[in-house]
Amino acid sequence: MQPDQPSQPSQTSPGTPQTISGRFVDPDLERRFVTGERQARVVHMRLFSGFLAAMLIGYALVNPLYFSREDELRFTLLLLPALGILAGYAGATAWRGYASRPIIDFACLLGIAFLIMAENALLFEEMQRAQVQLHASIAINGLIVMAFAAIAFAGQLRWYTAWLGCHAAVYFGIMVVTEADLVPFIYATLAYVTSAAVMLLLTWSVGQAHRQSFILSDALEAERAKTEELLFNVLPPAVAARLKAGQVVADSYPDVSVVFIDICGFSDLSRRISPGHLVDLLNGFFLLADKCAAETGIEKVKTIGDAYLAISGGNNPSHNSADAAIRFGEAVIAGLPELRTATGIDLHIRVGIHTGPVVGGVIGETRMAYDYWGETMNIASRIEGAANPDGIAVSETTWMRGRGERHFELPQMLTLKGVGEMAVYRLAEKPSADIIRLVG
């Protein structure tokens, strides 16, 4: 037999097949089950070690009243290694690798059982001197270790059967060596066989019950993992973690850059092409924007019809949110030619960016999403309408922080709906006489 080793979790369902012996067919699942069960029983085995040590010490205290000095010395010589094994066993349960190695229980419990049976043999000799033959007492005392071995190997019938076989061999060997009479031998054998059968049945039944519980728990954990994965897909990781902790999610960001991207002439496109083709077009455009957002560290907020809303410097910190937002817009525009070729549609977009304060958070209890609010959002959407096709328009606050080596056209004062008059800067494709070269 090889000791079980830990493995990575694997998803299961209540219909997972099992072998005739009750073991899981999937070896990874079997190892994970055994490791988990053994880890859960660590406290019980420590208590067992303490209980058995106390019992043996109790015998040692009583023995001087009835044992000869020679047998008392022999008992003490057996007691010391027994206490050593129990101490080592209790210490082994604190080792990280204990749960994956049933061989520790096998060796320690078998060693303890052998020493107790040897001590019981001494007890039998003393009873013989008193003309009392109680071989059954050996079986009863051995039953204590047998019971705890059944607990230690619950769900591991093969290990317990092997352990019980070794235990039985020594037990009956002692019975033969002590030259027991036929009647006491028969009754002691019946007591042992009955106890062993009960313990085997107990180990099997408890193991089966635990396996069914494990299957259900594992299936529940798999569903929980799927739900958590979905939560982390629709919400930023930090936000999802706060929601799981039961916290209210409401944040204030003093300086972020909001990016609004819209498809030019989308209403006309929706009338000219089929619904299926339109969905393919939107899907291709949003996938392109998602890819560019991931590459530039931009946080996607949501899509609104044919519009794409993103944030730079919100849940994804940015050293220069304006620069990152402009780079994002440039990346999306650079990917349009390939999208036009793939869809066969002459697609063009406008990009509007504004930098300022926003408030973010999660509201409601159904279809939750992390959203942003504030005048900055409204200004970015208005500036988008002032951009040229396949162009980027930014506010003065964005231009101040994101100009760098870029070239912008001269600012134009525009009256934006719901905002008022603002200076709007359009990113230029190349320098010319009417373009300002501004180096940040």
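A quick note: this is a predicted structure, and the numbers were derived from the prediction, not measured. (Residues numbered from 1 in each chain as written. Predicted model: local features only at pLDDT ≥ 70, side-chain atom pairs only at ≥ 80, totals over all residues. Heavy atoms only, no water.)

Colleague: Would you mind showing me how to read helix H6 (residues 157-177) here?
Modeller: Side chains of residues three or four places apart in an α-helix project in the same direction, reflecting 3.6 residues per turn. The terminal C-alpha atoms of H6 lie 30 Å apart, and with 21 residues this matches the ideal 30 Å at 1.5 Å per residue to within 8%. Among all positions of H6, only Trp-159, Tyr-160, Trp-163, Leu-164, His-167, Ala-168, Tyr-171, Ile-174 and Met-175 are buried. End-on view of H6: buried residues confined to an arc of 160 degrees, all on one side of the axis. Those residues of H6 that are exposed and aimed more than 90 degrees away from the buried face are Arg-158, Ala-169, Val-176 and Val-177. (Helix = DSSP H or I, 4+ residues; strand = E, 2+ residues; numbered from the N terminus. Expected span 1.5 Å × (residues − 1). Buried < 20%, exposed > 50% of the residue type's maximum accessible area, 1.4 Å probe, protein only. Arc of directions from axis to C-beta.)

Colleague: Looking at this structure, how should I read the pattern of salt bridges?
Modeller: Oppositely charged side chains may form a pair once their charged atoms are brought near each other. Using the criterion set out here, one finds 14 salt bridges in the structure. Measuring nitrogen to oxygen at the nearest pair gives 3.5 Å for the salt bridge that ties Arg-41 to Glu-37. Neither residue differs from the other here; Arg-41 and Glu-37 are each classed as buried. The partner of Asp-268 in a salt bridge is Arg-271, with the nearest N and O atoms 3.8 Å apart. (Salt bridge = Lys/Arg side-chain N within 4 Å of Asp/Glu carboxyl O.)

Colleague: Would you mind showing me how to read the UniProt feature "transmembrane region" (unreviewed entry) in the chain here?
Modeller: Taking the UniProt record as the reference, the feature "transmembrane region" (unreviewed entry) is found at residues 47-67, 73-91, 103-122, 134-153, 160-178 and 184-204. Helix makes up 76% of residues 47-67 and strand 0%, and the two end C-alpha atoms of the span are 29 Å apart. (UniProt positions renumbered as here; feature names shortened; annotations may be inferred.)

Colleague: Can you help me understand the packing of aromatic side chains in this one?
Modeller: Aromatic ring pairs: the centre-centre distance and the angle between the two ring planes describe each pair. Taken as a whole and judged by the stated rule, the model has twelve aromatic pairs. An angle of 70 degrees between the planes, with centres 5.2 Å apart, marks the rings of Tyr-370 and Tyr-372 as edge-to-face. For the residue pair Tyr-370 and Tyr-372, the accessibility class agrees, reading buried in each case. The ring of Trp-399 has Arg-403 lying over it, and the distance from NZ or CZ to the ring centre is 5.1 Å. (Phe/Tyr/Trp six-rings, centres within 6.5 Å; stacked < 30°, edge-to-face > 60°. Lys NZ or Arg CZ within 6 Å of the ring centre and 35° of its normal.)

Colleague: Would you explain the layout of surface pockets in this entry?
Modeller: Rolled over the atoms, a probe as big as a water molecule pinpoints where empty space is left. Considering only enclosed or pocket space, the second largest pocket measures out at about 240 Å³ in volume. Around the second largest pocket, the lining comprises 15 residues; the ones closest to its centre are Asp-390, Gly-391, Leu-427, Ala-428 and Glu-429. Those elements giving two or more residues to the lining of the second largest pocket turn out to be helix H11 (321-334), strand E6 (391-395) and strand E7 (407-409). A breakdown of the residues in the lining of the second largest pocket according to their chemical character gives six nonpolar, three polar and six charged. (1 Å grid on protein atoms, 1.4 Å probe; cavity = no way out; pocket = protein on both sides within 12 Å on 5 of 7 lines; lining within 4 Å. Points joined across faces, edges and corners; volume = space filled by probe spheres on them. Nonpolar A, V, L, I, M, F, W, Y, C, P; charged D, E, K, R; others polar.)

Colleague: For this particular structure, what's the right way to read the packing of helix H10 (residues 275-296) against H11?
Modeller: Helices that pack against each other are described as a pair by the angle of their axes relative to one another and the distance between those axes. Here H10 crosses H11 at 140 degrees, and the two axes come no closer than 9 Å. The angle between H10 and H11 places the two elements in the oblique class. Seen from above, H10 lies across H11 with right-handed handedness. Facing Phe-285, Leu-288, Ala-289, Cys-292, Ala-293 and Thr-296 of H10, the residues of H11 in contact are Ala-324, Arg-327, Phe-328, Ala-331 and Val-332. For the contact of H10 with H11, a count of residues per class yields nine nonpolar, one polar and one charged. (Axes fitted to C-alpha atoms, helices over the stretch in contact; angles between N-to-C directions. Parallel < 35°, antiparallel > 145°, perpendicular 65-115°, else oblique. Left-handed = near helix turned anticlockwise from the far one by under 90°. Contact = heavy atoms within 4.5 Å.)

Colleague: Could you clarify how one ought to interpret the pairing of strand E3 (residues 307-312) in this entry?
Modeller: Regular strands place their side chains on alternate faces of the sheet. The element E3 is largely enclosed, with a buried count of six among its six residues. Residues Ala-307, Leu-309 and Ile-311 of E3 are buried on one face, and the alternating residues Tyr-308, Ala-310 and Ser-312, pointing to the opposite face, are buried as well. Bridging between strand E1 (residues 250-263) and E3 involves five bridges; their strand directions are antiparallel. Bridging across to E3, Ile-261 finds its partner in Tyr-308. Taken together, the five bridges between strand E2 (residues 299-304) and E3 define a ladder with antiparallel strand orientation. Along E3, the bridge assignment pairs Lys-302 with Leu-309. Where E2 hands over to E3, the hairpin turn is made up of two residues, of which Gly-305 adopts a positive phi near 65 degrees. (Pairing = 2+ DSSP bridges.)

Colleague: Please explain the confidence of the model for the chain as it appears in this structure.
Modeller: Parts of the prediction with low pLDDT should not have their coordinates interpreted in detail. When the pLDDT values of the chain are averaged, the result is 81; 84% of them are 70 or greater. Put simply, strand E10 (residues 435-437) is where the chain has its lowest mean pLDDT, 41, and E6 is where it has its highest, 95. Within the model, the stretch residues 1-17 combines pLDDT values under 50 with 43 contacts to residues more than four positions away or in other chains. Residue range residues 431-440 is modelled with pLDDT below 50. Its contacts to residues more than four positions away, or to other chains, number 23 contacts. (pLDDT = per-residue confidence, 0-100.)

Colleague: Sorry if this is basic, but what is going on with the nonpolar core here?
Modeller: For soluble globular proteins, nonpolar side chains are generally found buried alongside one another. Judged by nonpolar contacts, the single largest core of 48 residues is most densely connected at Leu-52, Tyr-89, Leu-109, Met-146, Phe-153, Tyr-160 and Trp-163. Broken down by secondary-structure element, the contributors of at least two residues to this core are helix H2 (42-62), helix H3 (69-92), helix H4 (103-129), helix H5 (136-152), H6 and helix H7 (182-234). At 13 residues, H4 tops the list of elements feeding residues into this core. Within the second largest apolar cluster, 38 residues are counted, among which are Ile-326, Phe-328, Ile-345 and Ile-353. (Core = buried A, V, L, I, M, F, W, Y, C linked by side-chain atoms within 4.5 Å.)

Colleague: Can you walk me through a nonpolar patch on the surface in this structure?
Modeller: A cluster of nonpolar side chains, contributed by Ile-57, Leu-61, Val-62, Leu-65 and Tyr-66, occupies part of the molecular surface with about 570 Å² of accessible area. Mapped onto the fold, Ile-57 is located in helix H2. (Patch = residues over 30% accessible without salt bridge, like charges linked within 9 Å, V, L, I, M, F, W, Y side chains within 5 Å. Areas by Shrake-Rupley, 256 points an atom, 1.4 Å probe, with all protein chains shown as cover.)

Colleague: Help me out: how do you make sense of unusual backbone geometry in this one?
Modeller: Leaving glycine out, the prevailing phi sign among residues is negative, and the prevailing peptide bond configuration is trans. Despite not being glycine, Asp-390 shows a phi value in the positive range, around 55 degrees. Looking at the secondary structure, you find Asp-390 in the loop between helix H13 (375-384) and E6. For Asp-390, a relative accessible area of 19% translates into the label buried.

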